[in-house]
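Spelled out from the first residue to the last, the chains are:
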Amino acid sequence: MVQAFRFALDPSATQDTALRSHCGAARAAYNWAVSWVEASWWQRKAEATYGTSEAELTEWRPWSLPSLRKAFNEAKHTDPRFAAWWDENSKEAYNTGLANAAAAFDNYAKSKQGKRRGKRMGAPRFKSKRKARLSCRFTTGTIRVDTDGRHVTLPRLGTIRTHEPTGSLLARVQAGTARILSATVRQERGRWSVAFQVEVKRDLVKVARPDVAVGIDLGVKTLAVMADSTGEIRTVPNPGHYDAACKQLRRASRTVSRRQGPDRRTGQKPSKRWKKASAQRNKVHHRVANLREDALHKLTTKVAAEYGTVVVEDLNVTGMLKNRRLARRIADAGFGEIRRQLGYKTRQRHATRMVVADRWYPSSKTCSGCGAVKAKLPLHVRTYQCDACGLVLDRDDNAALNLAALAATCPTGTGVAGDQDTAPVVSNPRGADQKTRATRTRRKARAGRAGGATLPQQRQTEARDRTQAEALTLW
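Here the structure is a predicted model, which means the values were calculated and not measured.

1. Overview of the overall build of the protein
Thought 1: A tally of regular secondary structure across the protein gives eleven helices and 14 strands.
Thought 2: When burial is assessed residue by residue, the protein has 41% of its 475 residues classed as buried.
Thought 3: Here the analysis covers contacts within the protein between residues at least 6 apart in sequence; of these, 65% occur between residues at least 24 apart.
Thought 4: When the accessible surface of the protein is summed, it comes to about 27,000 Å², and 50% of that surface belongs to carbon and sulfur atoms.

2. Re the sheet that holds strand S4 (residues 151-154)
Thought 1: With antiparallel pairing, the three strands of this open sheet are ordered in space as S3-S4-S5. The open sheet terminates on both sides in strands that have one partner only, identified here as strand S3 (144-145) and strand S5 (158-161).

3. Topic: the packing of helix H6 (residues 246-257) against helix H7 (residues 272-304)
Thought 1: For the pair H6 and H7, interaxial distance at closest approach is 9 Å and the crossing angle is 165°. Taken as axis vectors, H6 and H7 run roughly antiparallel relative to one another. As H6 packs across H7, the resulting crossing turns out to be left-handed. For the pair H6 and H7, the contacting residues are Gln248, Leu249, Ala252, Ser253, Thr255 and Val256 in the first and Trp274, Ala277, Ser278, Arg281, Val284 and His285 in the second.
Thought 2: Considered class by class, the residues forming the contact of H6 with H7 number six nonpolar, five polar and one charged.

4. As for the state of the cysteines
Thought 1: Applying the stated criterion across every chain, the model contains zero disulfides.
Thought 2: In this structure Cys136 is a free cysteine whose sulfur lies 5.6 Å from that of Cys23, the closest cysteine sulfur available.
Thought 3: The cysteine Cys389 is free of any disulfide, with Cys386 supplying the nearest cysteine sulfur at 3.5 Å.
Thought 4: The partly exposed category is assigned to Cys389, whose relative accessible area is 43%.

5. A closer look at the environment of Arg144
Thought 1: Along the chain, the position of Arg144 falls in strand S3.
Thought 2: In contact with Arg144, not counting residues within four places along its chain, are Val152, Thr153, Ile180 and Phe196.
Thought 3: Reaching out from Arg144, the side chain makes a polar contact with the side chain of Asp146 at a distance of 3.3 Å.

6. Topic: the pattern of salt bridges
Thought 1: Taken as a whole, this structure holds 26 salt bridges when the rule is applied.
Thought 2: A salt bridge links Glu54 to Arg44; the nearest nitrogen and oxygen atoms lie 2.8 Å apart. Of the two residues, Glu54 sits in the loop between helix H1 (13-49) and helix H2 (65-75) while Arg44 sits in helix H1, which places them ten residues apart along the sequence.
Thought 3: For Arg44, a relative accessible area of 8% puts it in the buried group.
Thought 4: Residues Glu337 and Arg340 are paired through a salt bridge, measuring 2.7 Å at the closest nitrogen-oxygen approach. With Glu337 and Arg340 both in helix H10 (residues 335-349) and three residues apart, the pair spans about one turn of that helix.
Thought 5: Judged by relative accessible area, Glu337 falls into the partly exposed class, the value being 29%.

7. Notes on the nonpolar core
Side chains of a nonpolar character, in soluble globular proteins, are inclined to be buried together.
Thought 1: Formed by 50 residues in total, the largest nonpolar core has its most connected members in Trp32, Leu68, Leu154, Val185, Val194 and Phe196.
Thought 2: No other element matches H1, which puts twelve residues into this core.
Thought 3: Beyond its immediate sequence surroundings of up to four residues, Phe196 is in contact with Gln3, Ala4, Phe5, Phe7, Ile143, Arg144, Val145, Val152, Leu169, Ile180, Ser182 and Ala183.
Thought 4: Val214, Leu299, Val303 and Val356 belong to the second-largest nonpolar core, a separate cluster that totals 21 residues.

8. As for the sheet that holds strand S6 (residues 178-188)
Thought 1: Reading across the sheet, the four strands line up as S1-S7-S6-S2 and stay open at both edges, with antiparallel pairing between neighbours. The sheet terminates laterally at strand S1 (2-8) and strand S2 (135-138), the two strands that pair on one side only. Geometrically, the sheet is characterised by an average inter-axis angle of 20° between neighbouring strands, direction not taken into account.
Thought 2: Bridge analysis of S6 against strand S7 (residues 191-200) gives ten bridges, and the strand direction is antiparallel. Residue pairing across strands places Gln187 opposite Trp192, the latter belonging to S7.

Parameters at a glance
Residues numbered from 1 in each chain as written. Predicted model: local features only at pLDDT ≥ 70, side-chain atom pairs only at ≥ 80, totals over all residues. Heavy atoms only, no water. Helix = DSSP H or I, 4+ residues; strand = E, 2+ residues; numbered from the N terminus. Buried < 20%, exposed > 50% of the residue type's maximum accessible area, 1.4 Å probe, protein only. Contact = heavy atoms within 4.5 Å. Areas by Shrake-Rupley, 256 points an atom, 1.4 Å probe, with all protein chains shown as cover. Pairing = 2+ DSSP bridges. Axes fitted to C-alpha atoms, helices over the stretch in contact; angles between N-to-C directions. Parallel < 35°, antiparallel > 145°, perpendicular 65-115°, else oblique. Left-handed = near helix turned anticlockwise from the far one by under 90°. Nonpolar A, V, L, I, M, F, W, Y, C, P; charged D, E, K, R; others polar. Disulfide = S-S within 2.5 Å. Polar contact = N/O pair within 3.5 Å; in protein donor to acceptor, adjacent residues only side chain to side chain. Salt bridge = Lys/Arg side-chain N within 4 Å of Asp/Glu carboxyl O. Core = buried A, V, L, I, M, F, W, Y, C linked by side-chain atoms within 4.5 Å.

Nothing here speaks to function; it is all geometry.
The following block contains the structure:
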């Protein structure tokens, strides 16, 4: 199986500058690829207004990774944006940006053609130097964990000390049960970290109660109510890390607001006192995020190691966040992260199954005793009273019992409401670019406006590029 091992880095001042340079090179290469591909789109649109025939229009520029690499290698020697400094960084830095751009264009094309799940993806946009996440991926060169257990070695960056021991990965590599595939460095929550993508040979761990199914009902007042098929009900309180830190955040934010901050309209630069106050405020946010991540990992690890079947709900978290009264606490609970962690921990670590109840399954309205379904059950009603059998039970406990009983109707499958799709998951470490624009169907194209102009879309395959025969709208 493919597993990630992440370690916090402790770089020196020189290494910190080199890390930022590599991540900036990845961002610059991404922006170059976006401008290079879209230049042909705008050129063809301009030529079409002159009455140029289709055969005489400028050729499409492909966005496959090999094509972008070839074009960038030719341009970096003469382009004034790269000619003076491109050789200061590893080639993997530029390859990271080009690969992200190729994935972004590919996701956009598949979304336009209806071949991609989820919300519609817009055309890739430029990454801002001020907002872009600092990240760079290494796939070739010297990538290793040093034998002392406190250093890692990366191409062009050299040996970097880590904040924590790397023995968990080093022992597997020395035993021959792990092989490092790639390494990704990025700055997150105020510090640098490196994540090794490792092919690991590990045995499945048998769960404590393989014949027992558990239903998990997530909530705000109580993070999770777990009811198993034996009738036992457990309650996991909501830590409320953000609410506990609100007083500190208000005080830190008040301090930041009283300092001279940046102003893009007037070009005003932030003062040193503003930067110091902003760092203190961010430190509180980072601590809350770390506490939340730690609590969710402990919860999901414990659940995955105990039960043979885990039943969760397919919650519409995006829609729930539109409730302004509950949005903050819903985001703090991390419903989507709980489901994501349970998905890979049950499947890859213990070979158990996770059943996702249908989004419209009435777990709270259904009586866990007789199966009667209520027509309405407002959110403020916290106690479930069955009109048929007279059962009186907490609504969260009742919902968890119904979810646990749902496991019997889904003997196989790991998808939504008994989905039988058991195809193996293909790892895609490159992933989708997160800086693309979500397309809105209500938006109409208007002439003379760059944001609403219509441009043709290019199609390409993995093995080769082919010309586009028909014109499609860009967004």
